[in-house]
Amino acid sequence: MTDGLQRLIDADAAAAELSERRQATRHTTVFQVARIISGDRDELCILRNVSPGGLKAELYMAIAPGARVVIELKTGFRLDGTAVWAREPFVGVQFDAPVAIMEMLKRCAPDVLFDRGRPPRLETELPAMLRINGIETPTRISNISQSGMKIAVPHRLGIDTRCEVRLPVLGWRRACVRWSEPDEAGLMLVQPFLYPDFVAWRRALQDDTADR
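Residues numbered from 1 in each chain as written. Predicted model: local features only at pLDDT ≥ 70, side-chain atom pairs only at ≥ 80, totals over all residues. Heavy atoms only, no water.

**A few points about the overall build of the protein**
Check the secondary structure of the protein and you find three helices and twelve strands. Burial analysis of the protein (212 residues in total) assigns 40% to the buried set. The contacts of the protein with a sequence gap of at least 6 include a subset with a gap of at least 24, amounting to 52%. For the protein, the accessible area works out to roughly 11,900 Å², and carbon and sulfur atoms hold 52% of it. (Helix = DSSP H or I, 4+ residues; strand = E, 2+ residues; numbered from the N terminus. Buried < 20%, exposed > 50% of the residue type's maximum accessible area, 1.4 Å probe, protein only. Contact = heavy atoms within 4.5 Å. Areas by Shrake-Rupley, 256 points an atom, 1.4 Å probe, with all protein chains shown as cover.)

**Side note on the packing of aromatic side chains**
For any pair of aromatic rings, the description rests on two quantities: the centre-to-centre distance and the angle between the ring planes. Within this structure, the stated rule accounts for three aromatic pairs. The interplanar angle of 85° and the centroid separation of 5.3 Å between the aromatic rings of Phe193 and Phe198 together place this pair among those described as edge-to-face. Per residue, the accessibility class of Phe193 equals that of Phe198, and both read buried. When the centroid spacing of 5.7 Å and the interplanar angle of 15° are considered together, the rings of Phe193 and Trp201 count as stacked. Just as Phe193 is buried, Trp201 falls in that class too. (Phe/Tyr/Trp six-rings, centres within 6.5 Å; stacked < 30°, edge-to-face > 60°.)

**Considering the side chain of Arg202**
Inspection of the secondary structure puts Arg202 in helix H3 (residues 195-211). At 2.9 Å, the side chain of Arg202 forms a polar contact with the side chain of Glu43. Setting aside residues no more than four positions away along its own chain, Arg202 makes contact with Asp42, Glu43, Tyr60, Leu122, Thr124 and Leu126. (Polar contact = N/O pair within 3.5 Å; in protein donor to acceptor, adjacent residues only side chain to side chain.)

**Overview of the sheet that holds strand S11 (residues 171-180)**
As a general point, the strands of a sheet are linked pairwise by backbone hydrogen bonds and lie either parallel or antiparallel. Pairing is antiparallel around the closed barrel formed by six strands, whose spatial order is S7-S8-S9-S12-S11-S10. Neighbour to neighbour, the strand axes of the sheet diverge by 45° on average, direction disregarded. Where S11 and strand S12 (residues 184-189) come together, five bridges link them in antiparallel fashion. The partner of Ala175 across the bridge, within S12, is Leu189. (Pairing = 2+ DSSP bridges. Axes fitted to C-alpha atoms, helices over the stretch in contact; angles between N-to-C directions.)

**Quick notes on the nonpolar core**
Grouped together as the largest cluster of nonpolar side chains are 29 residues, with contacts concentrated most on Met149 and Leu187. For this core, the secondary-structure elements that each account for two or more residues are strand S2 (41-51), strand S7 (122-132), strand S8 (135-144), strand S9 (148-152), strand S10 (162-167), S11, S12 and H3. Every residue in contact with Met149, bar those within four places of it in the chain, is listed here: Ile141, Asn143, Ile144, Val165, Leu167, Ala185, Gly186, Leu187 and Leu189. Residues Cys45, Leu55, Leu59 and Val69 belong to the second largest nonpolar core, which totals 19 residues. (Core = buried A, V, L, I, M, F, W, Y, C linked by side-chain atoms within 4.5 Å.)

**Regarding the environment of Val169**
Residue placement: Val169 occurs in the loop between S10 and S11. For the pair formed by Val169 and Leu205, sequence separation is 36 residues and the distance between their alpha carbons is 6.4 Å.

**Examining the pairing of S10**
Here S10 shows one buried face, formed by Cys163, Val165 and Leu167, and one open face, formed by Arg162, Glu164 and Arg166. Relative to S11, S10 runs antiparallel, the two being bridged by six bridges. Pairing of Arg162 across the sheet is with Cys176, part of S11. The antiparallel pairing of S10 with S11 creates a hairpin that spans three residues between the two strands, and Val169 there sits at a positive phi of about 75°.

**Thoughts on the pattern of salt bridges**
Any two side chains of opposite charge can pair if their charged atoms end up close together. Using the criterion set out here, one finds ten salt bridges in the structure. The residue Arg35 makes a salt bridge to Glu72 at a minimum N-O spacing of 3.4 Å. Linking Arg35 in strand S1 (residues 28-38) with Glu72 in strand S4 (residues 68-72), this pair joins segments that are 37 residues apart in sequence. Classification of Arg35 as buried rests on a relative accessible area of 9%. Residue Arg68 pairs with Asp96 through a salt bridge whose shortest N-O separation is 2.7 Å. With Arg68 in strand S4 and Asp96 in the loop between strand S6 (90-95) and helix H2 (101-107), the pair connects residues that are 28 residues apart, well separated along the chain. (Salt bridge = Lys/Arg side-chain N within 4 Å of Asp/Glu carboxyl O.)

Next up, the structure:
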């Protein structure tokens, strides 16, 4: 092999290594609502930027550096990591293993505060009231998102049935039955939550619980 050819090979290898290093440190801005889980806490957050090694998120719950977290995207794709810094309302998360940035971007298409895909759902146990044709029935909410919720029901409900649900602290909101089983049903809110409104409600709910 000639010296000239070897220099070309070495130059190509160095350029590839430099490109890889730049890719590993590059942060790509996204703006997507996701679910963040830490211990027994389960809330929403907004992803601000991502890189192969981690992400920055805006959230309304305190997470201390060193805490283990799981980020769940609207597709159900999960990212495990550790909070490495926190400056309210932001947190920096380092992934347990590097993520292919292009694959990550496919799962983090930008949105504008209200996720046009399936909004992340929060697992919860909230008392509520269901009202159909003026008849009120106590119920419980087992999960909730910006656009709907799953509730307990005493019997199967008719699909597309118009109803109202009274949420703790917030009050009545109009909804529609999307699916139903003998003991549970899925409701779609007529007016979905915007992210800031959802955040305000979750904070008010936390404050109400703390005051009891």
